[in-house]
Amino acid sequence: MGEDFIYHYRKKRMVLVVDDEEINREILGGILEDHYEVQYASDGEEALEIIKEKGNLLSLVLLDIMMPKMDGFEVIKNMQMDPALRPIPVIVLTSDEELEIDSLKKGAADFIKKPYDVPEKILARVKRIIALFEDRLIIQLTEKDELTNLYDRSYFYEYALLQNRFNPDEKMDAVVFNISHFHMFNEIYGMEEGDKILQVLAKSIEDMAERFGGIAGRSVADIFMLYIPSQKEYDSIHREVEDAIEREFPVHHVRVRIGVYTRPDNNDDKLSICFDRAKTACNSIRENYNKDVAYFDDELREKQIYAERLIHDIRSAISKNQLKVYFQSKYDVTGDIPVITSAEALVRWIHPELGMISPGSFITLFEENGLIHLVDEFVWKESAERVKRWKEEFGITLPVSVNVSRIDLHDPQIKEKLLKIVKDAGITPEDIYLEITESVYEEDTDQMVEVVMELKKAGFVIEMDDFGSGYSSLNMLTTMPFDILKLDMSLMKDIHKDERSRRMLELIIEIAKFLKVKVVAEGVEEKQQVEILKKFNAQVIQGYYFSRPVPPEEFEALLKNKR
Ligand code: C2E
Ligand code: MG
Ligand code: MG
């Protein structure tokens, strides 16, 4: 501890005495001056001036109520309105019992009766209030989230527990609020605007907490928590928060999702588990734009149990070889006879009890909890080894496309990992194509682009997967590094039935040509689709029309025939 600290620590606290009668100022000053640095004001206006000037240097205001110009209540009211002055404690000086109660209600911390009591008592009161408020300040600094002034997660849970303790029989709801695609607001309008949206939402949730007699908190980023006595419905609550945001940001179209878990009783599970369930409910409608409120019900419970089972089993599944990499061929259709030019590796889980599980059931789940890299690294290795085997046994070089999850791209070691896999298998990066889903590009952030760029530089071929699904932006096509554009099957769906879809597809293929990237059309099931694609000069086709994803043995039989 340096000198400064000791000086600061020992320095007398500053106290303001406000009274229109000089004799009263003198009495209080006499009691306090040995212990505090005392300032004086003789009416409300003067007091407010000093309070504003000194700000948080002031530790306490001793305030008379009946004064000329501006009375004590007015001073308190002004202080309450200013967030910087609100935390300064006020002790009211009065002889009127009714005014005492009134002033406490209006925000005073305590009162001292006139005529004045023995000095020791007054001194003790002043000391206690200052100590109390300083403690409070320190606690508030740590328990409140800086941006929104709501409780941070751990304090939120503590206060929620307190609430249970004092109202053990009250049926409670754990409620989670989340803004859809919040990162987009940050990206489009800037972080500051994003922060403001969060503040407006937080304020609205805080008001609700107060009204329903509950507690509001911020979990992380754009996830907020509310713990309130159980409500019949949440549609009106949903409307209320969206209205609050729309008033401030009329053009942004912010969508808020709400997930609710109603506790059967207050001891059913740990609070964090209850809020996890509310969050699960909230996430269950992420892609469902017809629903903004979701309840954690039996269906979700079943799903969650299933998900927990998968999470529990995945590590042993990998070590016990339950994951199988299937291959789906991609055909070059530029010549008269379609030829296999590469294949996509698609994972399957052959679970001994649950049967064959398709990746649709677990990829997102493992992305959410970071386990996806286990699956992906397994698939990458398997694929690299197959490529090697085909070279040796069949004398052909057939690149394999592997899927790279957006989560993988956060791994600072990803390039090294991939290079090692390639090297260990004895092949080159050009033998592995990386399919990166379109939403990754959209999500990002320059950092993602940089990672993809690095992978491209290392020699891997980059494919933009699922183009045309979700929120495609054409602008993205020019800023992002990739070699192959993989058209999502939704673009293919109606091309043999509908002229507009056909035109759309043709246009996109034109754009790809202009950008000098190859096109792969995915999800092609019909002969007519193949013909249309050929007419538009698409080079490569992948889909059930040619082949489904098949186990490696079957795929290799196909290769043998080819040879
Ligand atoms: P994707 O990468 O877009 O893969 C194409 C999906 O379309 C595959 O589904 C494939 O079986 C299916 N498909 C191919 N042709 C047709 C067709 O003609 N008609 C129809 N209806 N479907 C077709 P799958 O294997 O169920 O995989 C689903 C998604 O799961 C993949 O979409 C990919 O995003 C993800 N995935 C699969 N394997 C992996 C993996 O090893 N790692 C990661 N991170 N994701 C994977
Ligand atoms: Mg793919
Ligand atoms: Mg795809």
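None of these values were measured; they are calculated from a predicted model.

## Looking at the coordination of the magnesium ion (ligand 2)
- Every protein donor of the magnesium ion (ligand 2) is listed here as Glu344 (OE), Asn403 (OD1), Glu435 (OE) and Asp465 (OD), and their distances to the metal cover 1.9 to 2.3 Å.
- For the magnesium ion (ligand 2), the single-chain donor residues occur in sequence as E-x58-N-x31-E-x29-D.
- The metal-metal distance between the magnesium ion (ligand 2) and the magnesium ion (ligand 3) is 4.0 Å, with Asp465 coordinating both. Of this pair, Glu435 sits in strand β16 (residues 432-437) while Asp465 sits in strand β17 (residues 461-467); the two residues are 30 residues apart in sequence, bridging distant segments of the chain.
- Given the relative accessible area of 1%, Glu435 is considered buried.

## Remarks on the sheet that holds strand β8 (residues 215-218)
- Across the sheet, six strands lie side by side as β6-β8-β9-β7-β10-β11; this open sheet has mixed pairing. Strands at the two margins of the open sheet, each flanked by one partner only, are β6 (151-152) and β11 (293-295).
- Contacts from helix α10 (residues 235-248) reach β7 (172-179), β10 (256-262) and β11, with the element oriented near 150° to β10.

## Points about the sheet that holds strand β2 (residues 37-41)
- The strand order across the open sheet built from five strands is β2-β1-β3-β4-β5, with neighbouring strands paired in parallel fashion. Lying at the two open borders of the sheet, with one neighbouring strand each, are β2 and β5 (110-113). Shown here is a sheet whose adjacent strand axes are inclined to one another by a mean of 20°, direction ignored.
- By the bridge criterion, four bridges tie strand β3 (residues 58-64) to strand β4 (residues 90-94) in an arrangement that is parallel. Of the residues in β4, the one forming a bridge with Asp64 is Leu93.
- This element, helix α3 (residues 44-54), spans β1 (14-18), β2 and β3 of the sheet and lies at about 140° to β2.

## So, the pattern of salt bridges
- The final tally for this structure, using the stated rule, is 42 salt bridges.
- For Asp313, the salt bridge identified is with Arg309, shortest N-O distance 3.0 Å. Here the residue Asp313 and the residue Arg309 both occupy positions in helix α12 (residues 298-319), the gap between them amounting to four residues, near one helical turn.
- Overall, the relative accessible area of 11% leaves Asp313 in the buried class.
- Residue class for Arg309 comes out partly exposed when judged on its relative accessible area of 30%.
- Between Arg502 and Glu499 there is a salt bridge, with the nearest N and O atoms lying 2.9 Å from each other.

## Section: the pairing of β10
- The element β10 is extensively covered by neighbouring structure, given that six of its seven residues are classed as buried.
- Bridging between β7 and β10 involves seven bridges; their strand directions are antiparallel. Looking at the pairing, Val176 lines up with Gly259 of β10.
- Where β10 lies against β11, three bridges are found, and the strand directions are parallel. By the bridge assignment for β11, Ile258 is matched with Val293.
- Taken together, β10, helix α11 (residues 271-284) and β11 constitute a β-α-β crossover, and its handedness is left-handed.

## Focus on the state of the cysteines
- With the rule as written, the count across this model stands at zero disulfides.
- Between Cys274, a free cysteine, and Cys282, which holds the nearest cysteine sulfur, the sulfur-to-sulfur gap is 16 Å.
- Classification of Cys274 by relative accessible area gives buried; the value is 0%.
- With a relative accessible area of 1%, Cys282 lands in the buried category.

## Considerations on the packing of aromatic side chains
- Tallying each qualifying case throughout the model produces 16 aromatic pairs.
- Centroid distance Phe185 to Tyr189: 6.3 Å. Interplanar angle 15°. Geometry classified as stacked. You can see Phe185 and its partner Tyr189 sitting in helix α8 (residues 182-189), four residues apart, about one turn around the helix.
- With relative accessibility at 38%, the residue Tyr189 sits in the partly exposed group.
- With a centroid separation of 5.7 Å and an interplanar angle of 45°, the aromatic rings of Phe362 and Phe366 are classed as tilted.
- When its relative accessible area of 0% is taken as the criterion, Phe362 is described as buried.
- An aromatic cluster of three or more residues is present, and its members are Phe156, Tyr157, Tyr227 and Phe275.
- Geometry around Phe73 places Lys106 over its ring, the cationic atom sitting 4.4 Å from the centre.
- Taking NZ or CZ as reference, Arg348 lies 5.4 Å from the ring centre of Tyr326, over its face.

## What to know about the environment of His496
- Position of His496 relative to the elements: it lies in the loop between α19 (489-492) and α20 (499-514).
- Between the C-alpha atoms of His496 and Lys527, which are 31 residues apart in sequence, the distance is 9.3 Å.
- Non-local contacts of His496, meaning those with residues more than four positions away in its chain, are made with Arg502, Glu526, Gln528, Gln529 and Ile532.

## Overview of the domain arrangement of the chain
- Each domain of the chain was delimited in the assignment, giving domain 1 (2-143), domain 2 (153-296) and domain 3 (321-562).
- On a C-alpha basis, the centroid separation for the pair domain 1 and domain 3 is 70 Å.

## Concerning unusual backbone geometry
- Following Lys114, the chain continues to Pro115 via a peptide bond in cis, the omega torsion being -10°.
- Assignment of secondary structure puts Pro115 in the loop between β5 and α6 (119-143).
- The phi dihedral of His181 is positive, around 50°, even though this residue is not glycine.
- For His181, the position within the fold is in the loop between β7 and α8.
- Residue classification places His181 among the partly exposed residues on the basis of a relative accessible area of 25%.

## Structural notes on the coordination of the magnesium ion (ligand 3)
- Coordination of the magnesium ion (ligand 3) by the protein involves Asp465 (OD), Asp466 (OD), Glu522 (OE) and Glu522 (OE), with metal-donor separations of 2.0 to 2.6 Å.
- The motif formed by the donor residues of the magnesium ion (ligand 3), counted along the single chain, is D-D-x55-E.
- Take Glu522: its relative accessible area is 12%, and that puts it in the buried class.

## Section: the side chain of Arg263
- Within the element layout of this structure, Arg263 appears in the loop between β10 and α11.
- With a relative accessible area of 1%, Arg263 lands in the buried category.
- Only 2.6 Å separates the side chain of Arg263 from the backbone oxygen of Asp269, close enough to count as a polar contact.
- In this structure, Arg263 is in contact with Asn164, Lys171, Met172, Tyr227, Asp268, Asp269, Leu271 and Cys274, ignoring residues within four places of it in sequence.

So, how was this worked out
Residues numbered from 1 in each chain as written. Chains lettered and ligands numbered in written order. Predicted model: local features only at pLDDT ≥ 70, side-chain atom pairs only at ≥ 80, totals over all residues. Heavy atoms only, no water. Donors = N, O, S within 2.8 Å, 3.2 Å for Na, K, Ca; no water. Helix = DSSP H or I, 4+ residues; strand = E, 2+ residues; numbered from the N terminus. Buried < 20%, exposed > 50% of the residue type's maximum accessible area, 1.4 Å probe, protein only. Pairing = 2+ DSSP bridges. Contact = heavy atoms within 4.5 Å. Axes fitted to C-alpha atoms, helices over the stretch in contact; angles between N-to-C directions. Salt bridge = Lys/Arg side-chain N within 4 Å of Asp/Glu carboxyl O. Right-handed = clockwise from strand over helix to strand, strands pointing away. Disulfide = S-S within 2.5 Å. Phe/Tyr/Trp six-rings, centres within 6.5 Å; stacked < 30°, edge-to-face > 60°. Lys NZ or Arg CZ within 6 Å of the ring centre and 35° of its normal. Domains from an automatic or database assignment. Polar contact = N/O pair within 3.5 Å; in protein donor to acceptor, adjacent residues only side chain to side chain.

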